[in-house]
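# Survey of secondary and tertiary structure
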Amino acid sequence: MTHSRRFVYLAVAAAALLVLGAAGLVSAEVRNPDTLIKAAYGEPETLDPAYAYDTASGEVIYQVYENLLDFDGGDLGKFVPLLATQVPTVENGLLSKDGLVYRFPIRKGVRFHNGNALTPEDVEYTFERAMLQDRSGGPVWMLLEPLLGYSTIEDLAKDLAKVDSFDKVPPEMLKDVYRKVDAAVEVEGDTVVFRLARPYPPFLSILTHSGSWSAIIDKEWAIAQGDWDGSENWVKWHDPKAEQDPLYDKANGTGPYKLVKWEKGVQIILERNDNYWRKPAPTKTVVIKIVEEWATRQLMLQSGDADIVIVDPPYLDQVTNMPGVRVLRRQPWLASTAAFFTWNINPDGNEFIGSGKLDGEGIPANFFSDIDVRKAFNYSFDWETYIQDVSKGEATQARGPIPAALPFFNPEQPVYKLDLRKAEEHFRKAWGGEVWRNGFKMTIAYNAGNDARRIAAEILEQNIESINPKFRIDIQAVQWPTYLQAYRQSKLPLFILGWLADFPDEHNFVVPFMHSTGTFAAAQKLPPELTQQIDALIEQGVSSTDPKVRREAYYKLQQVAYEQAIDIFLVDRTQPVVMRDWVKGWYPNAIRPGEDFYRLSKSSG
C-alpha cells in the first residue's frame, strides 16, 4: 500500500514538474502558506518522552512537549526558563553551594492540550515515572546517574537487595527503590526540588528542551491512559516494550503544536495550539512526511510540495543550484557516526549470521570477539572516499568516540586508514586461520532510505570481498523501528548508527559508545574484563571537576577504543539544511532533534 501511494505521488509530482517546465520557470508563489511540510525518512519509534531515544521521535516530541528550561537559541552554554520561571544559580539561591540541590519555580497559567493545568505535581510525576520506567537501552540513565548515582533502576534495586539479578529483588526492597526515587524529586509549594546524589555539572543541560526524557507530561492524563499510578507498586510499568507502553502513540503536552494523527509509515500531522501560553505559532499545520526514496523527496522539494527535506550529503550537488531552494552547508551538529561490532551476537532466529558457523556460509555468534577480525574490518574501510564522495565535505574522520568539537578530544589520537594489505594480514590470523581458510558470510543491515549508511556498508562489502573470494557480505535495507529493535536485541553483527549529543559534554559520548550500559555498547556485549576498565575510566571522567583528571580519563578511553578496535569510528558530522527559500526563521542548534517549527513561517518576502 505504501509503495502504491508513493508511486502515485511520484507520477503526480512528475506531471507537475512537466507543467512547470513548460511554463519556463518555477513559481515563486508560496505553496500551502499555512502548512509546513517536511519530507524525511525514519519513522518515530514512540511518542513517549521517557522512552524516546531517537531523532525521529525526538523531533515530534520537541514540538508537542516542553521542558523546564530551553537553550538560548543556538547557544548551548546559555539557559533560559521555559516551564520553570527561573534558571537555578547559586546567586539566585535556587542552586545550593555544594551543587546538590536544584529548585525550579513552576510557571503558572500553562495548560496541557487537553485543558488540564500544569502543576508542580506533574513535574514530579514526570521524572519519577521516567526513572521507574527506565526501559532497556533508553535515555533515563541521564536522570538516574545524577539523582540516584546509578545507571539503571535495576542496578539500584540489585544493590539495595544485595542480589545479582533484578528478578531476585524482594517486593519490600522494590518499595525502598520507589522511596529513593520519591525523595530525589519533591514538591515544595510552587517549586520542584531535585536532590542529587553527587555534583553533576551537565545536570541543567539534561533538563533542557531537546531532551525528550525531561519533557513534562500531564500526570492525570497519563494515569488515565493506563500508565504508572504514582504508587510504590511500580514494577508493572518498568521496562515495557515500545508498543505496550501506554503513551506509545499518544501525546498531550504544553507545547505550541498538538498531535492530530500519526499514520505509521506515512506522516505525522501536528496542529497549532491556539491556547498556547506564549504567542501561538505562526503556521497552523505541520506535516512530517515519511519519504524514504530520495528521488521522491527531491521532486517534492523542487515542486514546492515540501518546504524542508532531508538531503543526505551524496545528493547535495542535485539541490545546490535548484531554483527557489536554499542550501545551508556545514551547520553545527554535535554528532558522530560509527559502525559497531556486536561481540556476542544473539543467534536466536537470526537471519543476519547465516549458518551461525564459521563454515563459509555464516559467522559464529562471537565472530567479532576476535581482535584480528575487528582490525581487519577497520583496515578495510575507505574514509577518504566516504568523506569526499558520500559526505561531500560535511564530515571529518572520527578519531574515536569523542568528537573534535569537545575540549578533551585528543587531536593526536592514532586512527585506522584503508590498508587492504594489513586487512589481509589480520584476516589470515583471525580465528587461528579458520576465517581465511573457510571464508564467511554475513549481512550488514541499514535503515531504509539512509543512503549514507548503505554506502558505508557497501564500501566494506566491496573491499572485504576483494581480499578473499570466500568472504561474502550481503547488504539489506530494513525499516527504522525494525533496525532499532534488531540492534538492541544484539542481532545485528555490525550496525551503523549516528549519535546526536544529548548534552554538550564528553560524558555524553563515552557512555553510549563504551559504557557497559550504554545505548550502543550494551548491545555490543563487550566482555566484562574490558567493560570494567572502561566503566572505571568513565566514572573518573564524570566525577571530577578537575580538567587534568578529566583529560587523563578521556584520553585513555580514546586510546582503549583504538587499541581494542571496538568499533569503526566513521565520521564527525556537520549537517546540511535544505529548504525552500520561502521558509523563514530557521536557526542553528547543534543538538536539536530536527526543526523548531514554532519559529518557522512561510512568506515570499
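Before any of the text, the structure's been laid out above.
Given the structure is predicted, the values throughout are model-derived calculations rather than measurements. (Residues numbered from 1 in each chain as written. Predicted model: local features only at pLDDT ≥ 70, side-chain atom pairs only at ≥ 80, totals over all residues. Heavy atoms only, no water.)

This part takes up the overall build of the protein. Helix and strand content of the protein: 19 helices and 18 strands. Overall, the protein is about 75 × 70 × 45 Å in size when its C-alpha atoms are taken along their principal axes. Residue burial in the protein is summarised as follows: out of 605 residues, 59% are buried. Counting contacts in the protein only where the partners sit at least 6 residues apart, residues at least 24 apart contribute 72% of the total. (Helix = DSSP H or I, 4+ residues; strand = E, 2+ residues; numbered from the N terminus. Buried < 20%, exposed > 50% of the residue type's maximum accessible area, 1.4 Å probe, protein only. Contact = heavy atoms within 4.5 Å.)

Estimated volume of the largest pocket: approximately 950 Å³. If you trace the largest pocket, you find 34 residues lining it, with Arg135, Ser136, Gly137, Asp239 and Arg488 closest to the centre. Looking at side-chain class alone, the lining of the largest pocket contains nine nonpolar, 14 polar and 11 charged residues. (1 Å grid on protein atoms, 1.4 Å probe; cavity = no way out; pocket = protein on both sides within 12 Å on 5 of 7 lines; lining within 4 Å. Points joined across faces, edges and corners; volume = space filled by probe spheres on them. Nonpolar A, V, L, I, M, F, W, Y, C, P; charged D, E, K, R; others polar.)

A word on helix H14 (residues 451-467). With 17 residues, H14 extends 24 Å from end C-alpha to end C-alpha; this agrees with the ideal 24 Å at 1.5 Å per step. For H14, the buried fraction is high: 12 of the 17 residues fall into the buried class. Measuring from the side-chain oxygen of the N-cap residue of H14 to the backbone nitrogen of Ala452 gives 3.4 Å; that N-cap residue is Asn450. (Expected span 1.5 Å × (residues − 1). Polar contact = N/O pair within 3.5 Å; in protein donor to acceptor, adjacent residues only side chain to side chain.)

The next point concerns the sheet that holds strand S4 (residues 101-105). Pairing in this open sheet of three strands is antiparallel, and the strands run S4-S6-S5 from one edge to the other. Both edges of this open sheet fall to S4 and strand S5 (185-188), since each of them pairs with a single strand only. Averaged over all neighbouring strand pairs, the angle between strand axes comes to 25°, with direction disregarded. Two elements, S4 and strand S6 (residues 191-195), share five bridges in a ladder whose sense is antiparallel. (Pairing = 2+ DSSP bridges. Axes fitted to C-alpha atoms, helices over the stretch in contact; angles between N-to-C directions.)

Tracing the backbone shows Gln397 in strand S12 (residues 395-397). Accessibility expressed as a relative area gives 16% for Gln397, which makes it buried. A polar contact is formed between the side chain of Gln397 and the backbone oxygen of Tyr416, at a distance of 3.0 Å. If we skip the residues at most four places from it in the chain, Gln397 touches Trp383, Ile387, Val415, Tyr416, Lys417, Leu570 and Val571.

Core analysis: the biggest nonpolar cluster contains 179 residues, and Leu68, Phe194, Phe377 and Phe440 have the highest contact counts within it. Ranked by residues supplied to this core, first place goes to H14 with eight residues. Ile37, Val287, Val291 and Leu316 belong to the second largest nonpolar core, which has 17 residues in total. (Core = buried A, V, L, I, M, F, W, Y, C linked by side-chain atoms within 4.5 Å.)

Moving on, we come to the packing of helix H3 (residues 120-133) against helix H6 (residues 171-184). Closest axis-to-axis distance for the H3/H6 pair is 9 Å, and the angle between their directions is 145°. Between H3 and H6 the crossing geometry is right-handed. Contacts from Glu124, Glu128, Met131 and Leu132 in H3 reach Tyr178, Val181 and Asp182 in H6. Class assignment for the residues of the contact of H3 with H6 results in four nonpolar, no polar and three charged. (Left-handed = near helix turned anticlockwise from the far one by under 90°.)

Below, the discussion takes up the packing of helix H4 (residues 141-148) against helix H16 (residues 507-514). Contact geometry of H4 with H16 gives a least axis separation of 12 Å together with a crossing angle of 115°. By the criterion of interaxial angle, the relationship of H4 to H16 is roughly perpendicular. Between H4 and H16 lies a crossing whose hand is right-handed. Contact with H4, carried on its side by Trp141, Met142 and Glu145, involves His507, Asn508 and Val511 of H16 and no other residues of that element. Tallied by class, residues from the contact of H4 with H16 come to three nonpolar, two polar and one charged. (Parallel < 35°, antiparallel > 145°, perpendicular 65-115°, else oblique.)

Okay, the pattern of salt bridges next. Overall, the coordinates contain 36 salt bridges when judged by the stated rule. Arg179 is the partner of Asp176 in a salt bridge, and the nearest nitrogen-oxygen pair spans 2.7 Å. Linking Asp176 with Arg179, this pair stays in helix H6, spanning three residues, or about one helical turn. Of the charged contacts in the structure, one is a salt bridge between Arg329 and Glu394, with a shortest N-O distance of 2.6 Å. Taken together, the residues span a long stretch of sequence, with Arg329 in strand S11 (residues 325-341) and Glu394 in the loop between helix H11 (383-390) and S12 at a distance of 65 residues. Note on Arg329: relative accessible area 28%, which makes it partly exposed. The class of Glu394 is buried, set by a relative accessible area of 0%. Through salt bridges with shared partners, one network takes in Asp48, Arg129, Asp227 and Asp245. (Salt bridge = Lys/Arg side-chain N within 4 Å of Asp/Glu carboxyl O.)

On to empty space enclosed by the protein, then. One pass over the full model with this rule turns up six cavities of 30 Å³ or more. In this structure, the second largest cavity occupies an estimated 100 Å³ of space. Around the second largest cavity, the lining is made up of 17 residues, and of these Ala398, Val415, Tyr416, Tyr562 and Phe569 lie nearest the centre.

The next point concerns unusual backbone geometry. Although it is not a glycine, Asp134 adopts a positive phi angle of roughly 30°. Here Asp134 is to be found in the loop between H3 and H4. Judged by relative accessible area, Asp134 falls into the buried class, the value being 8%. Of note, the phi angle at Trp431 is positive, near 55°, even though the residue is not glycine. Topologically, Trp431 is positioned in the loop between helix H12 (420-429) and helix H13 (434-438). Since its relative accessible area comes to 23%, Trp431 is described here as partly exposed.

Another point: the pairing of strand S14 (residues 471-478). Sheet faces and side chains relate simply in a regular strand, where the side chains alternate between the two faces. Two strands pair when backbone bridges link them, and strand S13 (residues 440-447) and S14 are joined in this way by eight bridges, in the parallel orientation. Residue Lys441 lies in a different strand from S14, and its bridge partner there is Arg472. You can see the chain leave S13, run along H14 and come back into S14, and the turn it takes is right-handed. (Right-handed = clockwise from strand over helix to strand, strands pointing away.)

This brings us to the pairing of strand S8 (residues 267-272). Across the six residues that make up S8, a large majority, five, are buried. Examined bridge by bridge, strand S7 (residues 257-263) and S8 share six bridges and lie antiparallel to one another. Residue pairing for S8: Glu263 is matched across the bridge by Gln267. Between S7 and S8, which pair antiparallel in sequence order, lie three residues; one of them, Gly265, sits at a positive phi of approximately 75°.

Residue position: Ala251 is located in the loop between helix H8 (219-224) and S7. What Ala251 contacts, discounting residues up to four positions off in sequence, is Val64, Tyr65, Trp221 and Leu259.

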